[in-house]
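What follows is the residue order along each chain.
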Amino acid sequence: MTIRRTRWLVAAQAAMLLVLASGCGDYQKINDRSQIIGIGVDPVPGKPDLLAFTLQVPDLELATQQSSSLGTGGRQGGESVPYKNFYVEATSVQSAVSRAQTMYDKAFFLGNLETVVFQTGLSERDLTRVTEQLMRDETIDKLAYVVATRDSARSVLEARTNAPPATAIEAMWYNGMPQRGYSAPEKLWQFWRDAELIGREPHVPLVEATDDSIRIEGTEVYFGYQPVGWLTPDDTVFYNFLMGQVRAISISIPDGNRSFDVRIVRSRAHLREVPTPQGMVLLDDIHVRANLNATETMAQRPLTNREVERYEDVVERYLQANCARVLRALQSVQADTLGFGYRYLIHHPERIYEIRDHWGEAFGRARIRVTVKCRISREGNLL
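Given the structure is predicted, the values throughout are model-derived calculations rather than measurements. Numbering of residues starts from 1 in every chain and runs along the sequence as written. For a predicted model such as this one, the threshold for reporting local features is a pLDDT of at least 70, and the threshold for listing and counting side-chain atom pairs is 80 or more; totals across whole chains, interfaces and linings nevertheless cover every residue. Only hydrogens and water are set aside when side-chain values are computed; all heavy atoms of the structure are taken into account.

Notes on the environment of Asp 194
We count it as follows: Secondary structure is summarised from DSSP: a helix means a run of H or I of at least four residues, a strand means a run of E of at least two, and numbering begins at the N terminus for each. Should any heavy atoms of two residues lie within 4.5 Å, those residues are counted as being in contact.
Structurally, Asp 194 is set in helix H7 (residues 188–196). Taking the C-alpha atoms as reference, Asp 194 lies 9.9 Å from Asp 336; in sequence the two are 142 residues apart. Setting aside its immediate chain neighbours within four residues, Asp 194 contacts Glu 186, Arg 200, Glu 201 and Pro 202.

Details of the nonpolar core
Definition in use: Side-chain atoms within 4.5 Å link the members of a nonpolar core, which is a set of buried Ala, Val, Leu, Ile, Met, Phe, Trp, Tyr and Cys residues. Buried, partly exposed and exposed residues are distinguished by accessible area as a fraction of the type maximum, computed with a 1.4 Å probe on protein chains only: under 20%, between the cut-offs, and over 50%, respectively.
Membership of the largest hydrophobic core comes to 48 residues, with the highest contact counts inside it found for Phe 241, Val 262, Ile 264 and Leu 338. Looking at which element gives the most residues to this core, the answer is helix H9 (residues 305–332), with 10 residues. In this structure, Val 262 is in contact with Ile 249, Ser 250, Ile 251, Ile 253, Ala 290, Asn 291, Leu 292, Asn 293 and Val 315, ignoring residues within four places of it in sequence. Formed by 36 residues, the second largest nonpolar core is a distinct cluster that contains Leu 51, Val 57, Phe 86 and Phe 108.

Quick look at the pattern of salt bridges
Condition: Salt bridge, as applied in this entry: a Lys or Arg side-chain nitrogen positioned within 4 Å of an Asp or Glu carboxyl oxygen.
Tallied over the full model, the rule gives 16 salt bridges. Across the pair Arg 125 and Asp 49 runs a salt bridge whose closest N-O atoms are separated by 3.9 Å. Of this pair, Arg 125 sits in helix H4 (residues 124–136) while Asp 49 is found in the loop between strand E2 (38–43) and strand E3 (51–58), placing the two residues 76 residues apart along the sequence. The closest approach of N and O atoms between Asp 255 and Arg 310, which form a salt bridge, is 3.0 Å. Of this pair, Asp 255 sits in strand E11 (residues 247–255) while Arg 310 sits in helix H9, and the two are 55 residues apart along the sequence. Of the residues examined, Arg 310 reaches a relative accessible area of 35% and is grouped as partly exposed. Through salt bridges with shared partners, one network takes in Asp 49, Arg 125, Asp 126 and Arg 129.

Points about the sheet that holds strand E12 (residues 258–276)
Under the convention used in this document: DSSP calls a pair of strands paired once it identifies at least 2 bridges connecting them. Structural elements are reduced to axes, namely lines fitted to C-alpha atoms, with helices fitted over the stretch in contact, and the angle between N-to-C directions of any two is expressed from 0 to 180 degrees.
In space, the 4 strands of this open sheet follow the order E11-E12-E13-E14, with mixed pairing throughout. Each having just a single partner strand, E11 and strand E14 (367–378) make up the two edges of the open sheet. When strand polarity is set aside, the average angle formed by the axes of neighbouring strands in this sheet is 40°. Alignment of E11 against E12, held across 8 bridges, turns out to be antiparallel. Bridge pairing in E12 links Arg 247 to Arg 266. Strands E12 and strand E13 (279–294) of the sheet are contacted by helix H10 (residues 340–347), whose axis makes an angle of about 40° with E12.

A look at the packing of H10 against helix H11 (residues 352–365)
Note the cut-off: Here is the rule for handedness: rotate from the far helix to the near one, and if that takes an anticlockwise turn smaller than a right angle the crossing is left-handed, while a clockwise turn gives right-handed. In the scheme used here, Gly and all other residues not listed as nonpolar or charged are polar, with Ala, Val, Leu, Ile, Met, Phe, Trp, Tyr, Cys and Pro taken as nonpolar and Asp, Glu, Lys and Arg as charged.
With their axes 10 Å apart at the nearest point, H10 and H11 run at an angle of 145° to one another. Of the two possible hands of crossing, H10 and H11 adopt the one that is right-handed. Between H10 and H11, the contacting residues are Phe 340, Gly 341, Tyr 344 and Leu 345 on the first element and Ile 352, Ile 355, Trp 359 and Phe 363 on the second. Residues belonging to the contact of H10 with H11 are distributed by class as follows: 7 nonpolar, 1 polar and no charged.

A look at the packing of aromatic side chains
Our working rule: Classification of ring pairs rests on two measures: the distance between centres of Phe, Tyr or Trp rings, Trp counted by its six-membered ring, which must be within 6.5 Å, and the angle between planes, read as stacked under 30 degrees, edge-to-face over 60 and tilted in between. Charge over a ring is defined by NZ of Lys or CZ of Arg lying within 6 Å of the ring centre and within 35 degrees of the ring normal.
Considering all chains together, one arrives at 10 aromatic pairs under this definition. A ring pair is formed by Tyr 145 and Trp 173, whose centres lie 5.5 Å apart and whose planes are at 45°; its orientation type is tilted. Taken together, the residues Tyr 145 in strand E7 (residues 145–149) and Trp 173 in the loop between helix H6 (165–171) and H7 connect sequence positions 28 residues apart. In this structure, Tyr 145 and Trp 173 share a single accessibility class: buried. Measuring from ring centre to ring centre gives 6.2 Å for Tyr 344 and Trp 359, while their planes differ by 15°; the resulting arrangement is stacked. With Tyr 344 in helix H10 and Trp 359 in helix H11, the pair connects residues that are 15 residues apart, well separated along the chain. Of the residues examined, Tyr 344 reaches a relative accessible area of 3% and is grouped as buried. Cluster of aromatic residues (ring-pair linked, three or more members): Phe 118, Phe 191, Tyr 222 and Tyr 225. Arg 150 extends its terminal NZ or CZ atom over the ring of Trp 230, reaching a point 4.4 Å from the ring centre. Positioned above the aromatic ring of Tyr 87 is the side chain of Arg 154, whose terminal nitrogen or guanidinium carbon lies 3.6 Å from the ring centre.

A closer look at a positive patch on the surface
Filter applied, for reference: Two joining distances apply to patches: 9 Å for like charges and 5 Å for nonpolar side chains (Val, Leu, Ile, Met, Phe, Trp, Tyr), and every residue must have over 30% relative accessible area and no salt bridge. Every accessible area reported is derived by Shrake-Rupley at a probe size of 1.4 Å, with residue values counting cover from the shown protein chains alone. All tallies of charge rest on Lys and Arg as positive and Asp and Glu as negative; His and the ends of each chain are not included. Where a charge lies is defined by one atom per residue type, namely NZ (Lys), CZ (Arg), CG (Asp) and CD (Glu).
Taken together, the side chains of Arg 247, Arg 266, Arg 268 and Arg 289 make up a positively charged region of the molecular surface. Tracing the backbone shows Arg 289 in strand E13.

Section: the environment of Arg 154
With respect to the helices and strands, Arg 154 occurs in helix H5 (residues 153–156). Under the relative-accessibility criterion, Arg 154 is labelled partly exposed at 38%. C-alpha of Arg 154 to C-alpha of Asp 42: the two residues are 112 residues apart in sequence and 7.5 Å apart in space. When neighbours within four sequence positions are excluded, Arg 154 is seen to be in contact with Asp 42, Thr 54 and Tyr 87.

Description of the packing of H4 against H7
Short version of the rule: If an angle is under 35 degrees, it is roughly parallel; if it is over 145, roughly antiparallel; if it lies from 65 to 115, roughly perpendicular; otherwise it is oblique.
Two elements in contact, H4 and H7, have axes whose closest approach is 10 Å; the angle formed by their N-to-C orientations is 125°. The angle between the axes of H4 and H7 places the two elements in the oblique class. Where H4 crosses over H7, the handedness of that crossing is left-handed. Contacts from Leu 127, Thr 131, Glu 132, Leu 134 and Met 135 of H4 reach H7 at Leu 188, Trp 189, Phe 191, Trp 192 and Glu 196.

In structure tokens:
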């Protein structure tokens, strides 16, 4: 056989293989797939080995029909919701998805997961195993937001919202939320990281379903995978000041029997840990830049420099007192959600075992010092 004939034979065989290999063996039409956008987890009374899962998928066909008939996407009496929920009892997330698959004619897809809802009554063991299952599954989106509820996770994912509840919850923080100060969002990978990290504990927004929406009720605080306390929405504001995470929020500052309003343009915080012979000292230096929205003089005349400085002093004292109070509340449950211990470990890696086993106690009894520096850049005068 000549060399030229051999080359033609090899080329023909390669072409035939390309024809036979065209396409994907696991090809699936997009219309045959359905995204799981929300997962809710509740305990099952009397069955400690089982968990109640709520799996939410958008009903795109129904949503399209409603938007074309309503025009605005609003709700009308008796109309169907633009999502489907599947309720199953199972031992794991994966087995719950497999069980729910028998109830639906489309293949479930977890790559666009938006929200995970945990009921606060879940045991530490149950929350640990569910979180680990979600993190181990490579098909699940780890950027999904995690929230907690004192009601049932099922009721949250059944809330009457224009969009599917899982999407409505994600929309609260997706691409940033202007009034972020009253909530402290956490994504799935962040929740797992903080629960496993030495010297730092997780936290998630606390939500509940209302008649026509989902409302933020504060922040649930965890020690590992065990809920140990909560912060009110107002306390969450001061928690965010401690973290330097407040942006574009207006608050009222009491000043004796009067008050004035400021708009916090931005805040930043610097956390430090200082060991002393008398014990650990935790320092949080907070810097705030603000504008005056409303003064006690109704802004009918320009403010003097002395008046502006007095306003700054009042803001500093108010924030310092409340931030210190919230920090002491975290100390009372030994939940270092701010990450003082993790920062201390970076500088003292040789003390890893001491911090891992005893940091909660050390954090709880440490002395604290919170300082606030406020700069008012705009006075908000009418004249």
